[in-house]
Amino acid sequence: MNRGVDTLRGYALKRLLYLIPTLIGASVLIFFLYSLVPGNFVDADPNLTIERKAELYALYGFDQPEIKRYFIWIGNLLKGDFGYSLQFQRPVGEVLGNYIWSSFFVALASLVLTWIIAVLIGVVSAVRQYSLFDSFITVLVFAAMATPSFFLGLLAIKFFAVDLGWFPAGGMITTGSNYTGWAYVKDVAQHMVLPVLVLTMLGIGGLARYFRTNMLEVIKQDFVRTARAKGLKEKVVVFKHALRNALLPAITLFGFELPALFSGAIITEQIFNWPGIGAIYMQAFTVRDYPLLMGFTMFIALLTVISNLIADLLYGVADPRVRLK
């Protein structure tokens, strides 16, 4: 028992040490790639005089060598300072805090629905391979994967908001409303339905095919045939024995969902006028607010390496053989 715990601790420590060079490399790439892009926030304003541009260059440090700017930026990052947004004239951390949670709740709701529906579809399709249901689902899956997100969004607005009037067409809250408490929660939830619906439809396809493939491999294994030979009910064989093993490879896939929860859905948020971080990210590109872009990209890079660490640790717990590698 102690030997297994020590092995897991050593495995976790080794994976943790990998984060340091990964984050350093990510910071170098993020900073210098954005530095290679011509122009900046000051140059984007055509109304500024040459003298005023020179003053702003000195104020924001754009006149400093890139190497010096990088070390200033990375030093601030180590202090928890992601920079200062030139567009919003506020710290990047404060801007992200105001918009990122709107994207998070939409992404979390769609994530839960996507995984539940995809797992059920994948399991049923694998158990009923080549059946009418499997063929029908396959057609729907590829149709959903081939349909652009903006088209699904506009179609959802036309059908559910305009024709049926079931849900609001866009925004996060009703214009001019002063809801509080549960009335506010209900209003936000109604506005969330269509964005969540579109994101769920876009995510189900590939994930359902992934689970179907894993289930097809597992249900052909000897232990599944043995479980059936023991007289166990088919539901127990499928969901307790087969599905449990089919979900193991999905640990790594699920780990990548953490940064996706905070990165926002740029096109979907634009279509539904949802005040999320995706829309803000596009605005920052338009006005060349590179401090905001770099801070947010570094934040996503940090979440990505953390999610990879969590996935590695979960895989090490689920499969002891991984710890020895």
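That block above? That's the structure.
Residues numbered from 1 in each chain as written. Predicted model: local features only at pLDDT ≥ 70, side-chain atom pairs only at ≥ 80, totals over all residues. Heavy atoms only, no water.

Participant: Mind showing me how you'd approach the overall build of the protein here?
Facilitator: Assigned secondary structure in the protein consists of 14 helices and two strands. In terms of its C-alpha atoms, the protein occupies a principal-axis envelope of roughly 85 × 60 × 40 Å. A burial count over the protein gives 37% of its 325 residues as buried. For the protein, the proportion of contacts with a sequence separation of at least 24, taken over those separated by at least 6, is 73%. By element, 68% of the accessible surface of the protein is carried by carbon and sulfur atoms, the whole surface being about 18700 Å². Separation between the mean location of the 27 positive side-chain charges and that of the 20 negative ones in the protein comes to 15 Å. (Helix = DSSP H or I, 4+ residues; strand = E, 2+ residues; numbered from the N terminus. Buried < 20%, exposed > 50% of the residue type's maximum accessible area, 1.4 Å probe, protein only. Contact = heavy atoms within 4.5 Å. Areas by Shrake-Rupley, 256 points an atom, 1.4 Å probe, with all protein chains shown as cover. Lys, Arg positive; Asp, Glu negative; His and termini not counted. Charge placed at Lys NZ, Arg CZ, Asp CG, Glu CD.)

Participant: Help me understand unusual backbone geometry, please; the structure alone is not making it clear to me.
Facilitator: A negative phi angle is the norm for most residues apart from glycine, just as the trans form is the norm for most peptide bonds. The phi angle at Gln-89 is positive, at roughly 55°, despite the residue not being glycine. Inspection of the secondary structure assignment puts Gln-89 in the loop between β1 (84–85) and β2 (90–91).

Participant: Explanation requested: the packing of aromatic side chains in the structure shown.
Facilitator: Between two aromatic rings, the relevant description is the distance of the centres plus the angle of the planes. Inspection of every chain in the model, using the stated rule, returns 19 aromatic pairs. Taken together, Phe-31, Phe-32, Tyr-70, Phe-71 and Trp-73 form an aromatic cluster joined through their ring pairs. (Phe/Tyr/Trp six-rings, centres within 6.5 Å; stacked < 30°, edge-to-face > 60°.)

Participant: I'm lost on the pattern of salt bridges in this one. Help?
Facilitator: Side chains carrying opposite charge are able to pair once their charged atoms draw close together. Under the definition given, this model contains two salt bridges. One salt bridge connects Glu-94 with Arg-90, and the closest N-O pair in it is separated by 3.6 Å. Relative accessible area serves as the criterion here: at 24%, Arg-90 is assigned to the partly exposed category. (Salt bridge = Lys/Arg side-chain N within 4 Å of Asp/Glu carboxyl O.)

Participant: Before we go on, may I ask you to explain the nonpolar core in this structure?
Facilitator: In summary, soluble globular proteins display a tendency toward joint burial of nonpolar side chains. Residues Trp-73, Met-215 and Phe-262 are the most contacted members of the largest nonpolar core, which totals 56 residues. For Trp-73, the residues in contact, after removing those within four places along its chain, are Ser-27, Ile-30, Phe-31, Phe-82, Met-294 and Met-298. (Core = buried A, V, L, I, M, F, W, Y, C linked by side-chain atoms within 4.5 Å.)

Participant: Explain the environment of Phe-223 to me, please; I cannot follow it from the model alone.
Facilitator: As for its placement among the helices and strands, Phe-223 is situated in helix α8 (residues 222–229). A residue is classified by how much of its surface remains accessible, and Phe-223, at 34% relative accessible area, is partly exposed. For the pair Phe-223 and Ser-35, spaced 188 residues apart in sequence, the C-alpha separation works out to 56 Å.

Participant: What's the story with the packing of helix α5 (residues 132–146) against helix α7 (residues 181–218) in this structure? I'm lost.
Facilitator: Packing of α5 against α7 brings their axes to within 8 Å, and their N-to-C directions diverge by 135°. Comparing their axes, α7 and α5 come out oblique. Seen along the crossing, α5 lies across α7 with a hand that is left-handed. Mapping the contact onto sequence places Asp-134, Thr-138, Val-141, Phe-142, Ala-144 and Met-145 in α5 and Met-201, Leu-202, Gly-205, Gly-206, Arg-209 and Arg-212 in α7. (Axes fitted to C-alpha atoms, helices over the stretch in contact; angles between N-to-C directions. Parallel < 35°, antiparallel > 145°, perpendicular 65-115°, else oblique. Left-handed = near helix turned anticlockwise from the far one by under 90°.)

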